[in-house]
Amino acid sequence: VQLVESGGGLVQPGGALRLSCEASGFTFSSYAMRWYRQAPGKERELVAQITSAGGGIYYADSVKGRFTISTDNAENTVYLQMNSLKPEDTAVYYCAALGTFLYWGQGTQVTVSS
């Protein structure tokens, strides 16, 4: 199993970023895909989840209405569109695949600062 995130970077408050996570080594459509984040000094938190075929979607309260999770099963990729970014969204963002086990990507840094 391999999960490779991309799309992080530095953005001003109110800006937007789209994170991508390209998956390989498993049946992508059979797994729930998740985005987590971990800010300095804080525990890792679940930000969003999408189940197989997009049937179930979860967002943390802190990102509802601003973030959108989606998948492209043909490309084995999960996305996190992040709009109206705030400084408190600054964190390392991790992609994860939930099957029998929970598999992790290496993370991508998102910094929201003026």
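Conventions and cut-offs
Residues numbered from 1 in each chain as written. Predicted model: local features only at pLDDT ≥ 70, side-chain atom pairs only at ≥ 80, totals over all residues. Heavy atoms only, no water. Helix = DSSP H or I, 4+ residues; strand = E, 2+ residues; numbered from the N terminus. Rg over C-alpha atoms; globule rule 2.2 N^0.38 Å. Pairing = 2+ DSSP bridges. Buried < 20%, exposed > 50% of the residue type's maximum accessible area, 1.4 Å probe, protein only.

**Q** Looking at this structure, I do not really get the overall build of the protein. What am I missing?
**A** The number of helices and strands found in the protein is 0 helices and 11 strands. Element order for the protein, N to C, with α for helix and β for strand: β-β-β-β-β-β-β-β-β-β-β. Computed over C-alpha atoms, the radius of gyration of the protein comes to 13 Å, within 12% of the 13 Å expected from 2.2 N^0.38 for 114 residues, which places it in the range of a compact globule. For the protein, the spread of C-alpha atoms along the three principal axes comes to 40 × 25 × 25 Å.

**Q** Hey, could you run me through the pairing of strand β7 (residues 67–72) in this one?
**A** Residues in a regular strand point their side chains to alternate faces of the sheet. As defined by bridge partners, β7 adjoins strand β8 (residues 77–82) across 6 bridges and the pair is classed as antiparallel. Residue pairing in the sheet places Phe-67 in a bridge with Met-82 of β8. Where β7 folds back onto β8 in an antiparallel hairpin, the turn is made up of 4 residues, including Asn-76, whose phi is positive at roughly 50 degrees.

**Q** Explain unusual backbone geometry here, please?
**A** Where the residue is not glycine, phi is negative for most of them; where a peptide bond is considered, it is trans in most cases. Even without being a glycine, Asn-76 presents a positive backbone phi close to 50 degrees. For Asn-76, the position within the fold is in the loop between β7 and β8. Taking relative accessible area as the criterion, Asn-76 reaches 26% and is therefore assigned partly exposed.

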